[in-house]
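Here is how the chains run, residue by residue.
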Amino acid sequence: MQSKGMYTGHLAMLGANLLWGVMSPMSKAVLQSGLVGPLSLTTLRMVGAAAAFWILSLFTRREHATPHDLALLFFASLFGVTLNQGFFITGVSLTSPIDASIAASTVPILTMLIAAVYLKEPITWKKAIGVAVGASGALLLILSNGTVDTAGRSGSIAGGMICLMGALSFAIYLAVFKRLIARYSSVTLMKWMFLYAAICAIPLCGGDAAAIDYAHLSPALWGGVLYVVCCATFFSYLLIPVGQKYLRPTVVGMYTYLQPFIASVVAVLAGLDRFGFAKGIAAVMVCLGVYIVNQSKSRAQLDAERAARQQAASAAQTSPRA
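The rules we used
- Residues numbered from 1 in each chain as written.
- Predicted model: local features only at pLDDT ≥ 70, side-chain atom pairs only at ≥ 80, totals over all residues.
- Heavy atoms only, no water.
- Phe/Tyr/Trp six-rings, centres within 6.5 Å; stacked < 30°, edge-to-face > 60°.
- Helix = DSSP H or I, 4+ residues; strand = E, 2+ residues; numbered from the N terminus.
- Buried < 20%, exposed > 50% of the residue type's maximum accessible area, 1.4 Å probe, protein only.
- Axes fitted to C-alpha atoms, helices over the stretch in contact; angles between N-to-C directions.
- Parallel < 35°, antiparallel > 145°, perpendicular 65-115°, else oblique.
- Left-handed = near helix turned anticlockwise from the far one by under 90°.
- Contact = heavy atoms within 4.5 Å.
- Core = buried A, V, L, I, M, F, W, Y, C linked by side-chain atoms within 4.5 Å.
- Expected span 1.5 Å × (residues − 1).
- Salt bridge = Lys/Arg side-chain N within 4 Å of Asp/Glu carboxyl O.

**Q** What's the story with the packing of aromatic side chains in this structure? I'm lost.
**A** One pair of aromatic rings is described through two measures. These are the centre distance and the angle between the planes. Within the structure shown, the criterion is met by 14 aromatic pairs. Ring geometry for Trp20 against Tyr237: centres 5.6 Å apart, planes inclined by 70°, an arrangement best described as edge-to-face. Linking Trp20 in helix H1 (residues 2–32) with Tyr237 in helix H10 (residues 219–246), this pair joins segments that are 217 residues apart in sequence. In this pair, the class of Trp20 matches that of Tyr237, namely buried.

Right, dumping it as structure tokens:
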């Protein structure tokens, strides 16, 4: 039963990061039109996903969240949605895409460190090697893409640090709120988290979203916006809590490394890039890193092994001697 849950968790994380990987070229096309700004798109994501989750909740089993958990869900929303998306969009506007991608690739490393401090999850050699291999593959893929800012802008320290804050926010969400996530269904969690996110976003960026000339958006732009809101936000965040329930935070974070690879595959299929040797090696390293981290032992496993050894030693000492 436990292995079935792990397979479900891996499939959920694979699906969520597949949707996020495709979002990269989709959102870029929307933003390059000049008709929809980054903050407006972020607001549409939060408001649209909040509406979708609350509508979906009308057709699912109703769960009562305690006042204490509702307060915790606000902070989960703050780190997992509002700060994560807000910092990343702001950072991207100030730095190069390469620097932003490199900052985002620190999520698994930060998650591993936070889980070690907060959840007392051990940093084993196998886990550390897996994170390092996955990070190397992600960096190789990002650098091999040779992405250049369309405005000719080089990376800035401020922009890179802001993107790093976004990565840190998401890592905190993955590690700190794991126990809260396990108590409720995905729909209950996300309807409250995105409601809080929308409440935070509307006063700050609602005016920009309202000022969009929706009548002059082309069908292609509408398709891009709907993909970002429905697929890359609603469906992906529906899957994330499933992965968090069955997988350790570091394993969940490792799937972040798949996003630049998926974005590269989309670019290759669209004829915008070529799949070279470096990309192939990078893909193998990312998958190998996820596998190694998944094979590492959790705190519960190490505690169980330690208890078994102590029980065996105690039995050996008390057993009658021939």
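Still more to cover.
**Q** Is there a simple way to explain the packing of helix H9 (residues 186–210) against H10 in this structure?
**A** In a packed pair of helices, the relevant descriptors are the angle between the two axes and the axis-to-axis distance. Between H9 and H10, whose axes approach to 9 Å, the crossing angle comes to 125°. When the axis of H9 is compared with that of H10, the two are oblique. Two packed elements cross with a definite hand, and for H9 against H10 that hand is right-handed. Here H9 contributes Ser186, Val187, Leu189, Met190 and Phe194 to the contact with H10, which in turn contributes Thr233, Tyr237, Leu238, Pro241 and Val242.

**Q** When you look at the nonpolar core in this model, what are you seeing that I'm missing?
**A** With 65 residues, the main nonpolar core has Phe53, Val81, Tyr173, Met190, Met193, Phe194 and Tyr237 as its most contacted residues. Among the elements that line this core, the one with the most residues is H10, at nine residues. Tyr173 has contacts with Ala76, Phe79, Gly80, Ile181, Met190, Met193, Ile240 and Gln244, leaving out every residue within four places of it along the chain.

**Q** What is the right way to look at helix H5 (residues 107–118) in this model?
**A** Helical geometry: 3.6 residues make up each α-helical turn, so side chains three or four residues apart lie on a common side. With 12 residues, H5 should reach 16 Å at 1.5 Å per residue; the first-to-last C-alpha distance of 16 Å fits that figure. Buried within H5 we find Val107, Pro108, Leu110, Thr111, Met112, Ile114 and Ala115. Backbone geometry just downstream of H5 places Lys120 in the positive-phi region, at approximately 60°.

**Q** Got a minute to help me understand the pattern of salt bridges in this structure?
**A** Summed over the entire model, instances satisfying the criterion amount to two salt bridges. Asp69 is the partner of Arg183 in a salt bridge, and the nearest nitrogen-oxygen pair spans 2.9 Å. Of this pair, Arg183 sits in the loop between helix H8 (178–181) and H9 while Asp69 sits in helix H3 (residues 67–94), placing them 114 residues apart in sequence.

**Q** When you look at the environment of Thr256 in this model, what are you seeing that I'm missing?
**A** For Thr256, the position within the fold is in the loop between helix H11 (249–254) and helix H12 (258–269). Its relative accessible area of 14% is what places Thr256 among the buried residues. Sequence separation between Thr256 and Met13 is 243 residues, and the spatial gap between their C-alpha atoms is 9.1 Å. Non-local contacts of Thr256, meaning those with residues more than four positions away in its chain, are made with Asn17, Ala104, Val107 and Pro108.

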